[in-house]
Amino acid sequence: MMAVGATSADRAQPDLSSFRIYVRGLPRPMIFVECPEGTIEMQIGMIGIGKMGGNMSRRLMKAGHQCVVYDHTAKTREALAKDGATAATSIAELVGKLTQKPRAIWLMLPAGKVTEETVEQLGGLLEQDDIVIDGGNSFYKDDIRNAKKLALKGIHYVDCGTSGGVWGIERGYCLMIGGVTQAVDRLDPIFSALASGTGVIPRTPGRGAGDSRPERGYIHAGPAGAGHFVKMVHNGIEYGMMQAYAEGFDILRNKDSKDLPEDERFALNMPDIAEVWRRGSVISSWLLDLGAVALAKDPQLETYSGFVQDSGEGRWTVQAAIEEAVPADVLTTALYARFRSRQEHTFGEKMLSAMRYGFGGHIEGREPLDPDPSVKPATGPVAAQDAAE
């Protein structure tokens, strides 16, 4: 790895292929990343160390990086400290414990108010050339605004759409990054350690010898906001894929309906169908893997109600489609199906719940019904109305 600040064109990439260990029985290979000789060991602050942030910190420490962590829950901080992190009891203390300058602080917080307040607080604590990375699921237009605000103080803002869920500590993460090149390149050792790597996926035929980062699981998508925009559409597509699986399994399950002629009724085995589709089928995917695991444990999915939440990105994807006048029939319908699931529940909706729990540990009924899409300063008539109220 080149020195901090090296450009992507100059960067020499270490070969991490020898650090992949394949364990029979897991949905995907486990990937343990070490720091090969010559790789820069960085120090990074992590604010928000729940399911995702905690596992990301552990993966970074496994790669030789130093993590200074903060969470409002003392128990969470202490658990990560036992794994090698340096715990801070406040955001100000975390900033003070980051001795490597320029400093880098990664936020893994819910989109909306809490992220906005934390960015605002860091803006008053950090110095010129320090970097704030929002790795949550913030609205991309908020990223653009936050980047402009911090730039006035000389602080860099990087948005990073992060996919991988609770399995990311083993499989690695898919990272979609937005921000100025100088800041993104400086953080390359961090992104490289978090990313999935090439793994066993063969090279795409016809792909030239350009930027190697996409093949290793991370991409510099463009300026501030571009990373979260790509992740937003990624999640919109995820909604559509999950809905297609859910509807298909619902059709299969109801083939033994009493409303059908008796000779047309089939009592189909859902776990076996999911399993065979995983092997050689054109619709195989990690989402199907997770569905197959759920069906193997609970063929009737009785542990799920079918109440399906949405985390916000599906709504924003549909909003972007409207702004761009792009037809998005499948993605829009998939979003509306989630709204309907909160009123009545089908087997297909239980399948959706099972897949969401599989990749993200999402528990039914534990998330807000209306995700806060953004926090924007009110202007014009809206501001006047707010003041009057």
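What you are looking at is a predicted structure, and each value in this text was computed from that prediction instead of being measured.

## Some remarks on the overall build of the protein chain
The secondary structure content of the protein chain amounts to 15 helices and 10 strands. Scored against the burial criterion, the 389 residues of the protein chain give a buried share of 48%. Of all intrachain contacts in the protein chain linking residues separated by at least 6 positions in sequence, the fraction that spans at least 24 positions is 70%. When the accessible area of the protein chain is evaluated, it comes to approximately 18,800 Å², of which 56% is carbon and sulfur surface.

## Comments concerning the nonpolar core
Counting 32 residues, the largest nonpolar core has W106, I133, V158 and F191 as the members making the most contacts within it. Counting residues in hydrophobic clusters, the runner-up holds 25 residues, among them M242, L287, L290 and A294.

## Remarks on the environment of L126
As for its placement among the helices and strands, L126 is situated in the loop between α4 (113-123) and β7 (131-134). For the pair formed by L126 and K153, sequence separation is 27 residues and the distance between their alpha carbons is 8.9 Å. If near-sequence neighbours (up to four positions away) are discounted, L126 is found in contact with V95, R103, I105, V132 and I155.

## Details of the sheet that holds strand β9 (residues 174-178)
The strand order across the open sheet formed by eight strands is β5-β4-β3-β6-β7-β8-β9-β10, and the pairing between neighbours is mixed. Of all the strands in the sheet, just β5 (86-87) and β10 (218-222) have a single pairing partner and so form its edges. Pairing analysis gives five bridges linking strand β8 (residues 156-163) to β9, with the strands arranged antiparallel. Opposite C160, over in β9, you have I177 as the bridge partner.

## Quick notes on the side chain of D142
Examined against the element boundaries, D142 turns out to sit in helix α5 (residues 140-151). For D142, a relative accessible area of 3% corresponds to the buried category. Polar side-chain contacts of D142 include one of 2.9 Å to the side chain of R145.

## Structural notes on the packing of aromatic side chains
Counted by the stated rule, this structure contains seven aromatic pairs. Relative to Y218, the ring of F191 lies with its centre 6.4 Å away and its plane at 40 degrees, an arrangement referred to as tilted. Remark: Y218 occurs in strand β10 and F191 occurs in helix α8 (residues 188-194); sequence separation between them is 27 residues. You'll find F191 and Y218 in the same group, each marked buried. Members of the aromatic cluster, each reached through a chain of ring pairs, are F139, Y140, F229 and W316. The side chain of K255 reaches across the aromatic face of F266, ending 5.3 Å from its centre. Stacked on the ring of Y239, the Lys or Arg R338 has its end atom at 3.7 Å from the ring centre.

## Section: the packing of helix α11 (residues 286-297) against helix α14 (residues 347-360)
Interhelical geometry of α11 versus α14 gives an angle of 110 degrees and a closest axis separation of 9 Å. By the criterion of interaxial angle, the relationship of α11 to α14 is roughly perpendicular. The segment α11 lies against α14, with W286, L287, L290, G291, A294 and L295 engaging F347, M351, A354, M355, G358 and F359. Taken together, the residues of the contact of α11 with α14 break down into 10 nonpolar, two polar and no charged.

## Description of the environment of S284
You can see S284 is positioned in the loop between α10 (270-277) and α11. Between the alpha carbons of S284 and A274 there is a distance of 9.2 Å; along the sequence they are 10 residues apart. The residues contacting S284, other than those within four sequence positions of it, are Y245, W277 and R278.

## What to know about unusual backbone geometry
Looking along the chain, the bond that leaves K101 and enters P102 is cis, with omega of 0 degrees. The topology assignment puts P102 in the loop between α3 (91-97) and β6 (104-107). Here the phi dihedral of D129 falls at roughly 80 degrees; this positive angle occurs in a residue that is not glycine. With respect to the helices, strands and loops of the structure, D129 is situated in the loop between α4 and β7. The class for D129 is partly exposed, based on a relative accessible area of 29%.

## Points about the side chain of E238
Counting through the fold element by element, E238 comes out in helix α9 (residues 226-253). Despite being buried, E238 has no salt bridge partner; R338 is the closest side chain of opposite charge, sitting 5.1 Å away. With near-sequence residues (within four places) excluded, E238 lies in contact with L287 and F359.

## Side note on the pairing of strand β4 (residues 66-70)
For β4, a buried count of four out of five residues is recorded, marking the element as mostly surrounded by other parts of the structure. Across five bridges, strand β3 (residues 43-47) lies against β4 in parallel orientation. Counted as the bridge partner of G45 is V68 from β4. The parallel pair β3 and β4, bridged by helix α1 (residues 51-62), forms a crossover whose chirality is right-handed. Summarising the sheet, β4 and β5 pair through two bridges and their orientation is parallel. Bridging across to β5, V69 finds its partner in A87.

## Focus on the pattern of salt bridges
Applying the stated criterion across every chain, the model contains 20 salt bridges. A salt bridge links R213 to D211; the nearest nitrogen and oxygen atoms lie 2.8 Å apart. Residue R213 is classed as buried on the basis of its relative accessible area, which comes to 5%. Classification of D211 as partly exposed rests on a relative accessible area of 35%. Note that E275 and R278 form a salt bridge whose closest N and O atoms lie 3.1 Å from each other. Here E275 falls in the partly exposed class, since its relative accessible area comes to 28%. Overlapping salt bridges, with partners in common, bring together K101, R103, E127 and D130 in one network.

The rules we used
- Residues numbered from 1 in each chain as written.
- Predicted model: local features only at pLDDT ≥ 70, side-chain atom pairs only at ≥ 80, totals over all residues.
- Heavy atoms only, no water.
- Helix = DSSP H or I, 4+ residues; strand = E, 2+ residues; numbered from the N terminus.
- Buried < 20%, exposed > 50% of the residue type's maximum accessible area, 1.4 Å probe, protein only.
- Contact = heavy atoms within 4.5 Å.
- Areas by Shrake-Rupley, 256 points an atom, 1.4 Å probe, with all protein chains shown as cover.
- Core = buried A, V, L, I, M, F, W, Y, C linked by side-chain atoms within 4.5 Å.
- Pairing = 2+ DSSP bridges.
- Polar contact = N/O pair within 3.5 Å; in protein donor to acceptor, adjacent residues only side chain to side chain.
- Phe/Tyr/Trp six-rings, centres within 6.5 Å; stacked < 30°, edge-to-face > 60°.
- Lys NZ or Arg CZ within 6 Å of the ring centre and 35° of its normal.
- Axes fitted to C-alpha atoms, helices over the stretch in contact; angles between N-to-C directions.
- Parallel < 35°, antiparallel > 145°, perpendicular 65-115°, else oblique.
- Nonpolar A, V, L, I, M, F, W, Y, C, P; charged D, E, K, R; others polar.
- Lys, Arg positive; Asp, Glu negative; His and termini not counted.
- Salt bridge = Lys/Arg side-chain N within 4 Å of Asp/Glu carboxyl O.
- Right-handed = clockwise from strand over helix to strand, strands pointing away.

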